[in-house]
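What follows is each chain in one-letter form.
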Amino acid sequence: MSERITRQIMLLSLIVVIIPMLLFPERLGTGLAKASMLHIFYELVFYGFVLYLLNRRTTLLQLVQACGLCLIYRLAVGVAFGLLIAIAYSMNLKVSVTLGVTSYLPAILLHVAVAPFVLWPALKDMYAPVQRKIVPPSSGTESTVSGSGTTTFVASTSHTTQPRPTTQADRFVGVAGAGSFEGTLASSEDGFSQATKYIGGDGSVQIAAVVDDEGLLLGHFQRGNWIAEDWAPLALQLSSVNNSVLGRAGWTELDRISITGQTNRIIIAGDKSYRLLVVAEQTADDILNIRINQGIEIIRKYIAQRFGTPSPELMENAYVRSTQ
């Protein structure tokens, strides 16, 4: 959590503590409440409802964790309120803390109402999937090259996603040879999706995506909270970084790139017209490599049968004409 967010939460918390102090001991028509597990349950339901509205893509586990943090925050603010009224009104410390945490309704209701909103800037970081923070490396801590044209990087990375056009299908429209290279995602989705879903049949695979020569999705498989759209631009960026470095040693286009992290692997394969990006758990075995090879063959056959053998230049020219 950044220092700016921390200061923001502390300032808002101070305001939330001070406001009910200006009213104390007025009850505003309410009585003194008694601690009850049912009240805590209602409180957690309220937090869950608000947090779900703020981010409907959250998982149940994240929602439960966030509700727990809101409850802890509310109790902490209640304790702070109790300490302040004990000092300001010379009250018994135990009585004042009890009032702030479980009894004095004007303060408790205010604390409950604002807790999810005060904590929201910090909770957003918890909601963000881990893969959103990963980006192509500018340099690796270790790099090795094998005779088959495969490079392996072990690196710490971070990532900024790229905007995408309103339609992905137009990125794969062109003319090849004497035939035509025309299609939409609706008509070409089956081939790319068949390959990615086949690769995704391996339980270790988190993402399998086919992207065009500008990193836009043509078909994908994703599991859990992993989002293929955010990872698609990485395929070209990682290929460009590796080709640039190894090009100095006379290497041409790499057949496959494998990046190994502490818990996951990234595999990139394909040619100039498309890239296949696979993100899998590090425990993946040789069976995954077999699936990737078969998936690439499915993609190549599909492109050849339906579209011929388009070049990236023809695809790009057709895309420009289609958007004018």
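Residues numbered from 1 in each chain as written. Predicted model: local features only at pLDDT ≥ 70, side-chain atom pairs only at ≥ 80, totals over all residues. Heavy atoms only, no water.

**Notes on the nonpolar core**
What counts here: Take the buried Ala, Val, Leu, Ile, Met, Phe, Trp, Tyr and Cys residues and link them wherever side-chain atoms come within 4.5 Å; each set so joined is a nonpolar core. A 1.4 Å probe rolled over the protein chains alone gives each residue an accessible area, and that area as a share of the maximum for its type sets the label: buried under 20%, exposed over 50%, partly exposed in between. Secondary structure elements are defined from DSSP: runs of H or I of at least 4 residues count as helices, runs of E of at least 2 residues count as strands, and each element is numbered from the N terminus.
By size, the foremost hydrophobic cluster in this structure holds 28 residues, and its most contacted members are Tyr-47, Leu-51, Tyr-73, Phe-81 and Leu-123. Mapped by element, the contributors of at least two residues to this core are helix H1 (3-23), helix H2 (37-54), helix H3 (60-89) and helix H5 (105-127). Within the second largest apolar cluster, 21 residues are counted, among which are Val-278, Leu-288, Ile-299 and Tyr-302.

**Some thoughts on the side chain of Ser-13**
Cut-off, in case you're wondering: Whether two residues are in contact is decided by their heavy atoms: any pair within 4.5 Å suffices.
Take Ser-13: it is sitting in helix H1. Judged by relative accessible area, which is 13%, Ser-13 ranks as buried. In this structure, Ser-13 is in contact with Tyr-73 and Val-118, ignoring residues within four places of it in sequence.

**Focus on the packing of H2 against H3**
Note the cut-off: Only the stretch in contact is used when fitting a helix axis, every axis being a line fitted to C-alpha atoms; angles between N-to-C directions are given from 0 to 180 degrees. Our angle categories are set so that under 35 degrees counts as roughly parallel, over 145 as roughly antiparallel, 65 to 115 as roughly perpendicular, and the remainder as oblique. In this scheme the handedness of a crossing depends on how the near helix is turned from the far one: anticlockwise by less than a right angle means left-handed, clockwise means right-handed.
Two numbers describe how H2 lies on H3: the axes approach to 9 Å, and their chain directions differ by 120°. Here H2 is positioned oblique relative to H3, judged by the angle of their axes. Like other packed secondary-structure pairs, H2 and H3 cross with a definite hand, here right-handed. For the pair H2 and H3, the contacting residues are Ile-40, Glu-43, Leu-44, Tyr-47, Gly-48, Leu-51 and Tyr-52 in the first and Leu-63, Ala-66, Cys-67, Cys-70, Leu-71 and Arg-74 in the second.

**A few points about H1**
Worth spelling out the cut-off: Every helix has an expected span of 1.5 Å times one less than the residues it contains. This arc is taken over the directions from the axis of the helix to the C-beta atoms.
Relative to the 30 Å expected for 21 residues at 1.5 Å per residue, H1 spans 32 Å between its end C-alpha atoms, a close match to the ideal helical length. By the burial criterion, the buried members of H1 are Ile-5, Ile-9, Ser-13, Val-16, Val-17, Pro-20 and Met-21. The arc that holds the buried residues of H1, viewed along the axis, is 145°, so those residues lie on one side. The exposed residues of H1 that point more than 90 degrees off its buried face are Glu-3, Arg-4, Leu-11 and Leu-22.

**Considerations on the confidence of the model for the protein**
Caution is warranted with low-pLDDT regions, since their predicted coordinates should not be read in detail. Let me state the cut-off plainly: pLDDT is a residue-level measure of predictor confidence that goes from 0 to 100.
When pLDDT is averaged along the protein, the result is 76, and 73% of the positions lie at 70 or above. Here residues 129-188 is a poorly scored stretch, pLDDT under 50, and it has 140 contacts once near neighbours within four places are set aside; other chains count. Low pLDDT (under 50) marks residues 311-324, which in the prediction has 27 contacts with non-local residues, meaning those over four places away or in another chain.

**A word on the environment of Ile-296**
Inspection of the secondary structure puts Ile-296 in helix H8 (residues 286-307). Taking the C-alpha atoms as reference, Ile-296 lies 7.5 Å from Leu-276; in sequence the two are 20 residues apart.

**Digging into the packing of aromatic side chains**
Any pair of aromatic rings gets described here by the distance separating the centres and the angle formed by the planes. Heads up, the condition is: Between rings of Phe, Tyr and Trp, where Trp is taken as its six-membered ring, a pair exists when centres lie within 6.5 Å; planes separated by under 30 degrees are stacked, by over 60 edge-to-face, and by other angles tilted.
Applying the stated criterion across every chain yields a total of eight aromatic pairs. Aromatic side chains Phe-41 and Tyr-42 sit 6.1 Å apart centroid to centroid with 55° between the ring planes, which places their arrangement in the tilted category. Aromatic pair Phe-192 and Tyr-302: ring centres 5.5 Å apart, planes at 70°, arrangement edge-to-face. In this pair, Phe-192 is assigned in helix H6 (residues 185-200) and Tyr-302 in helix H8, connecting sequence segments 110 residues apart. Residues Phe-192 and Tyr-302 agree in their burial class; the two are buried. Here the aromatic residues Phe-24, Phe-81, Tyr-89 and Tyr-104 are joined through ring pairs into a cluster of three or more.

**Examining the pattern of salt bridges**
Threshold: The rule for a salt bridge is simple: a side-chain nitrogen of Lys or Arg has to be within 4 Å of a carboxyl oxygen of Asp or Glu.
Applying the stated criterion across every chain yields a total of two salt bridges. Close ionic contact of Arg-7 with Glu-3 constitutes a salt bridge, the shortest N to O distance being 3.1 Å. Here Arg-7 and its partner Glu-3 are both found in helix H1, four residues apart, which amounts to about one turn of the helix. Relative accessible area serves as the criterion here: at 48%, Arg-7 is assigned to the partly exposed category.

**Side note on the pairing of strand S8 (residues 264-271)**
Just so we agree on the cut-off: Any two strands with at least two DSSP-identified bridges between them are counted as paired.
Within S8, six of the eight residues are buried, leaving the element largely enclosed by the surrounding structure. Pairing geometry for strand S7 (residues 256-260) and S8, over five bridges, is antiparallel. Following the sheet pairing, Ile-259 is matched in S8 by Ile-266. Adjacent in sequence and paired antiparallel, S7 and S8 are bridged by three residues. Note: S8 against strand S9 (residues 274-281), eight bridges, orientation antiparallel. Of the residues in S9, the one forming a bridge with Ala-269 is Leu-276. Hairpin geometry of S8 and S9 is characterised by an intervening segment of two residues between the two adjacent antiparallel strands.

**With respect to unusual backbone geometry**
The residue after Phe-24, namely Pro-25, is reached through a cis peptide bond having omega 10°. Position of Pro-25 relative to the elements: it lies in the loop between H1 and H2. With a phi angle near 55°, Leu-28 is a residue other than glycine that sits in the positive phi range. Residue placement: Leu-28 occurs in the loop between H1 and H2. For Ser-90, which is not glycine, the phi torsion reads 55° and is therefore positive. Structurally, Ser-90 is set in the loop between H3 and helix H4 (93-103). Judged by relative accessible area, Ser-90 falls into the exposed class, the value being 67%.

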